[in-house]
Amino acid sequence: MAIFSMNRRHFLGASGSVALTAMLPAKAFALLPTATPLHGLSAFGDLKYGPDFSHFDYASPNAPKGGTFTLAPSTWLWNQNTQTFNTLNSFAFKGDAPPRMELTFDSLMTPALDEPDSVYGLIAQSVTLSEDRQTCTFALRENARFHDGAPITAADVVSTYKTLKEKGHPHIRQSLAALDAVDETEKGAVRMHFSAGRGPNAILDAVVLPILSQKWLEGHDFGATSMEPIPGSGAYRVGKFASGQYIEYDRVEDYWAKDLPVQRGFNHFDRIRIEFYRDRQPEFEAFKKGSIDFRAESVSKNWTTGYDFPAMQQKKIIKRTFPREKRPLMQAWALNQRRERFRDPRVREAISLCFDFEWTNENLFYGAYQRSQSCFNGSDFQAMGQPTRDEMKVLERYRGKLPDAIFGDVPVLPVSDGTGRDRAQFSRAIELMREAGFERDKGQFHDRDGTKFSLEILSNSESFTRIYNPFIQKMRAIGIDASLRLVDPSQYQARMQDFQFDMVGIAMQFGATPTKESLAGMFGSQAAKTPGSYNLPGTADAIIDTLLDDVGAASTRDELVATIRVLDRVLRIRRDWIPNWTVANHLVAYWDRFGFREPKPDYGFPVETLWWIDKEKAKIIGKP
């Protein structure tokens, strides 16, 4: 499963969703002055870097420039597709765009990947907060330029936000719902006004939207698929490409921002080349031969047994782990509740009992994974055991509207006996299906209209077949007519966007400080009705919507953590998502021709922009 990032500012730099919420309650940015131009913003604390900083600590200003870095990405955002592409517009709903298109654009501000919730000026030289903290005014840098030399003006910024709010990818449109107005001031600055009552992290996600050219926007149909590059202003520009095969991003030699503190020490490769493969095994074979430089391994069998080939034996390839980011990681299956037979949580629980993680981990995963329990796995936002005192403050507001079970231990997925034939779990699954009102006749459950109770898993990768087949067999064993449908990347993307599936798996990463809008795109009722959203199960629950409002209103990190933990408890009782497995580290292999600074930053793993070619290493392995 490719990883979709739910927060672009922690994805930039650039290894995504843009989440723009309304501006800020009274306590938001409490440590930051108003009516004073600021070089950066931090939601819940002081900025790490002062106004005169020279570069981020994890950057490498003295690293050499040059060479080509080739990869097949495993991460993406918006309408991007890691297996193919047929448009270069990464911000619209239609089509499949190539990953890393965001490298060709700059934004008003840019994140620091060693802080959880801060941004610093890029196109914006400074930002000024109003007294009520609902209006932000951005003074733009006079030397900011698009690649064609045209200046980036307030008119470009205003046109960008208005276009994306009206015509952007559905997740962007939903995120921009709280932007009340954006306009140009008499002094050529940009003023944004947001509706009141939202969390302090909101504006930090708003300001990392790529800025587009007003001239281009006025002369093109923004929603149409097109292989014409949109004019950018970033450190890279679109170079050579062949639809569905490869795309190259060429470093801009005269990049206008290369000497700014927020950009010094990044973007060392002359060229970043992305190769597209329809499945993981051909991609792995290309890596073995040296056609790909870097591989984020996602198949445990390969990681355990596959790295025994000549280049490894000759020590030309490094195989190692890097710590995962300090951000919530979600890997789970969604059962589509837009289809009536999946609406009862007992049905969803019964299906989850058919996945024997312990057997799968031992026999198929080589013991490499741990069981995931939560949509916020590996973070402070994952609920554990009994509710804490802070969680109880949230829960008490809704006593009587929440199930009594939520005030006890958080639900955890059961541990099987590891045989692959756990009779207790099978019996419980059958019992749950019957409790949900489905009759079992001759070993087969039927829908209420008499047809077989069917479930089709949608997949776009042959590598998952060996995992899905035992799962399917167990569902069939209890009486569910389960099957697997393998489709090509474009069809998979289209069916996901239109919610044309019974069950599908996805992996995604939230920001270190999730916002209301990023969470609403996954769990909110409005997103359930919006084609292209990431509310794949179709969750529509008034209490969840209210909790999302509470997330938006949180004014301290402790309050935010407690509220999201309560949200986690509700989601786990509802069984909207079936968490499956997780791993504590990035499993990485790369040809030993690179230099990089360690340790990696805590909130991002932007290999493309932080690493560089080490000529001595490259010479040793004969791969310059």
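Residue positions are given per chain, counting from 1 as you read along its sequence in written order. In view of the model being predicted, local features appear only for residues whose pLDDT reaches at least 70, and side-chain atom pairs are presented and counted only at 80 or more, with totals across whole chains, interfaces and linings using the full set of residues. Note: side-chain values were computed over all heavy atoms of the structure, leaving out hydrogens and water.

Note the threshold: UniProt positions are given in the numbering used here, feature names are shortened, and annotations may be inferred rather than shown by experiment.
Under the annotation held in an unreviewed UniProt entry, the protein carries the name Solute-binding protein family 5 domain-containing protein and is attributed to Falsochrobactrum shanghaiense. Taken directly from UniProt, the Sequence similarities (unreviewed entry) text for the protein runs: "Belongs to the bacterial solute-binding protein 5 family." If you open the UniProt record of the protein and go to Subcellular location (unreviewed entry), you find "Periplasm".

1. Brief notes about the overall build of the protein
Selection criterion: Each helix is a run of H or I in the DSSP string that is no shorter than four residues. Each strand is a run of E no shorter than two, and both are numbered from the N terminus. Throughout, the radius of gyration refers to the C-alpha atoms, and the reference size of a globule is 2.2 Å times the residue count to the power 0.38. For the accessible areas, the method is Shrake-Rupley and the probe is 1.4 Å, while residue cover comes only from the protein chains on display. Positive: Lys, Arg. Negative: Asp, Glu. His and the chain ends are not part of the count. By convention, the point assigned to a charge is CZ for Arg, NZ for Lys, CD for Glu and CG for Asp.
Of regular secondary structure, the protein possesses 19 helices and 27 strands. Against the compact-globule benchmark of 25 Å for 624 residues, the protein has a radius of gyration of 24 Å, which places it among compact chains. The dimensions of the protein, computed from C-alpha atoms along their principal axes, are 75 × 60 × 45 Å. Accessible area for the protein stands at about 23400 Å²; split by element, carbon and sulfur atoms hold 47% of it. In the protein, the 78 positive side-chain charges and the 78 negative ones have mean positions that sit 3 Å from each other.

2. Points about the domain arrangement of the protein
Reports often express the size of an interface as the amount of accessible area lost when the parts come together. Rules: Where each domain begins and ends is defined by an automated method or by a domain database. The contact criterion used throughout is that any non-hydrogen atoms of two residues lie within 4.5 Å. For this analysis, a salt bridge means a side-chain nitrogen from Lys or Arg found within 4 Å of a carboxyl oxygen belonging to Asp or Glu. Residues adjacent in sequence count toward polar contacts only when both atoms are side-chain atoms; beyond that, a polar contact is any pair of N or O atoms within 3.5 Å, and within protein one must be able to donate a hydrogen and the other to accept it. All amino acids are sorted into three groups, where Ala, Val, Leu, Ile, Met, Phe, Trp, Tyr, Cys and Pro are nonpolar, Asp, Glu, Lys and Arg are charged, and the leftover types, Gly among them, are polar.
Taken domain by domain, the protein consists of domain 1 (277-324 + 584-623) and domain 2 (329-583). Between domain 1 and domain 2, the C-alpha centre-to-centre distance is 32 Å. Counting residues at the interface gives 14 residues for domain 1, matched by 17 residues for domain 2. Inspection of the domain 1/domain 2 interface yields zero salt bridges. If you look at where domain 1 meets domain 2, you find seven residue pairs in polar contact (both at pLDDT 80 or more). In terms of residues, the side of domain 1 that touches domain 2 owes the most to one element, helix α6 (residues 300-306), which gives four residues. For the side of domain 1 that touches domain 2, the class distribution of residues is four nonpolar, five polar and five charged.

3. Side note on the layout of surface pockets
Rolled over the atoms, a probe as big as a water molecule pinpoints where empty space is left. Stated precisely, the cut-off is as follows: Residues are called lining when one of their atoms sits within 4 Å of a cavity or pocket point, these points coming from a 1 Å grid over the protein atoms alone, where a cavity is a set in which a 1.4 Å probe fits but cannot get out and a pocket is an open set with protein on both sides within 12 Å along at least five of seven lines. Grid points are joined across faces, edges and corners, and a volume is the space filled by probe spheres set on the points.
The calculated volume of the largest pocket comes to roughly 290 Å³. Every element with two or more residues in the lining of the largest pocket is listed here: α2 (170-175), α14 (516-523), α15 (525-528) and α16 (542-553). Looking at the lining of the largest pocket, its residues break down into five nonpolar, five polar and six charged.

4. Considerations on helix α1 (residues 154-167)
Inclusion rule: Every helix has an expected span of 1.5 Å times one less than the residues it contains. Only protein chains enter the accessibility calculation, which uses a 1.4 Å probe; a residue is then buried when its area is under 20% of its type maximum, exposed when over 50%, and partly exposed in between.
An ideal rise of 1.5 Å per residue puts 20 Å on 14 residues; α1 measures up with 20 Å between its terminal C-alpha atoms. The complete set of buried residues in α1 reads A154, D156, V157, V158, S159, T160, Y161, T163 and L164.

5. A closer look at the nonpolar core
Using the following cut-off: Nonpolar cores were defined as sets of buried Ala, Val, Leu, Ile, Met, Phe, Trp, Tyr and Cys residues, with membership established by side-chain atoms within 4.5 Å.
Of all hydrophobic cores here, the largest spans 90 residues; its most connected members are L41, L108, F138, Y161, M192 and W611. A total of five residues in this core trace back to one element, the largest contributor, which is α1. The contact partners of F138, leaving out residues within four places of it in the chain, are L108, M109, A124, S126, V127, A189, V190, M192 and V207. A72, A436, F438 and V583 belong to the second-largest nonpolar core, a separate cluster that totals 53 residues.

6. Here's the deal with the packing of α16 against helix α17 (residues 557-574)
Here is the rule we go by: For helices, the fitted axis covers only the stretch in contact; all axes are lines through C-alpha atoms, and the angles between them, taken along N-to-C directions, range from 0 to 180 degrees. With respect to orientation, any angle under 35 degrees is reported as roughly parallel, any angle over 145 as roughly antiparallel, any angle of 65 to 115 as roughly perpendicular, and every other angle as oblique. Left-handed describes a crossing whose near helix is turned anticlockwise from the far helix through less than a right angle; right-handed describes the clockwise counterpart.
Axis separation between α16 and α17 bottoms out at 9 Å; the angle between their running directions is 165 degrees. With respect to α17, the axis of α16 lies roughly antiparallel. Here α16 runs over α17; the crossing is left-handed. From α16, I544, L547, L548, D550, V551 and A553 reach across to α17, where they touch E559, L560, T563, I564, V566, L567, V570, L571 and R574. Among the residues forming the contact of α16 with α17, the class breakdown is 11 nonpolar, one polar and three charged.

7. Side note on the sheet that holds strand β6 (residues 118-121)
This is how it is decided: Pairing between two strands is assigned when DSSP locates at least 2 bridges connecting them.
Pairing is antiparallel in the open sheet, where three strands are placed in the order β2-β6-β5. Each of the sheet's edge strands pairs with one partner strand only, and the pair in question is β2 (40-42) and β5 (109-111). Ignoring strand direction, the axes of neighbouring strands in this sheet form an average angle of 25 degrees. Note: β2 against β6, three bridges, orientation antiparallel. Across the sheet, the residue bridging to L41 is V119, located in β6.

8. Considerations on the environment of S461
The residue S461 is located in the loop between β20 (454-459) and α12 (465-478) in this model. For S461, a relative accessible area of 1% translates into the label buried. Remark: the alpha-carbon pair of S461 and Q83, spanning 378 residues in sequence, is separated by 9.9 Å. In this view, S461 contacts D279, R280 and L486; residues no more than four positions away in its chain are not counted. A polar contact is formed between the side chain of S461 and the side chain of D279, at a distance of 2.9 Å.

9. Notes on the pairing of strand β7 (residues 124-129)
Here β7 runs beside strand β8 (residues 135-140); their pairing, made up of five bridges, is antiparallel. Across the sheet, the residue bridging to S126 is A139, located in β8. Counted between consecutive antiparallel strands, the loop separating β7 from β8 contains five residues, among which R133 sits at a positive phi close to 60 degrees.

10. Looking at the packing of aromatic side chains
Rule in force here: Note on ring pairs: Phe, Tyr and Trp rings are taken, using the six-membered ring of Trp, and paired if centres are within 6.5 Å. Classes follow the plane angle, with under 30 degrees stacked, over 60 edge-to-face and the rest tilted. Any Lys NZ or Arg CZ that is within 6 Å of a ring centre and within 35 degrees of that ring's normal is treated as a charge sitting over the ring.
Scanning the model with the defined rule gives 47 aromatic pairs in all. Plain terms: the ring middles of F56 and Y120 are 5.7 Å apart, the flat faces sit at 65 degrees to each other, and that makes the pair edge-to-face. In this pair, F56 sits in the loop between β2 and β3 (68-71) while Y120 sits in strand β6, placing the two residues 64 residues apart along the sequence. With a relative accessible area of 1%, F56 lands in the buried category. A relative accessible area of 1% means that Y120 is categorised as buried. Plain terms: the ring middles of F342 and F453 are 5.9 Å apart, the flat faces sit at 90 degrees to each other, and that makes the pair edge-to-face. With F342 in the loop between β16 (329-335) and α8 (345-353) and F453 in the loop between β19 (444-446) and β20, the pair connects residues that are 111 residues apart, well separated along the chain. In textbook terms, an aromatic cluster arises when at least three aromatic residues are bridged by ring pairs, as seen for F69, F269, F294, F322, Y590, F594, F596, F605 and W611. Note that K474 overlies the ring of W359, its terminal NZ or CZ placed 4.9 Å from the centroid.

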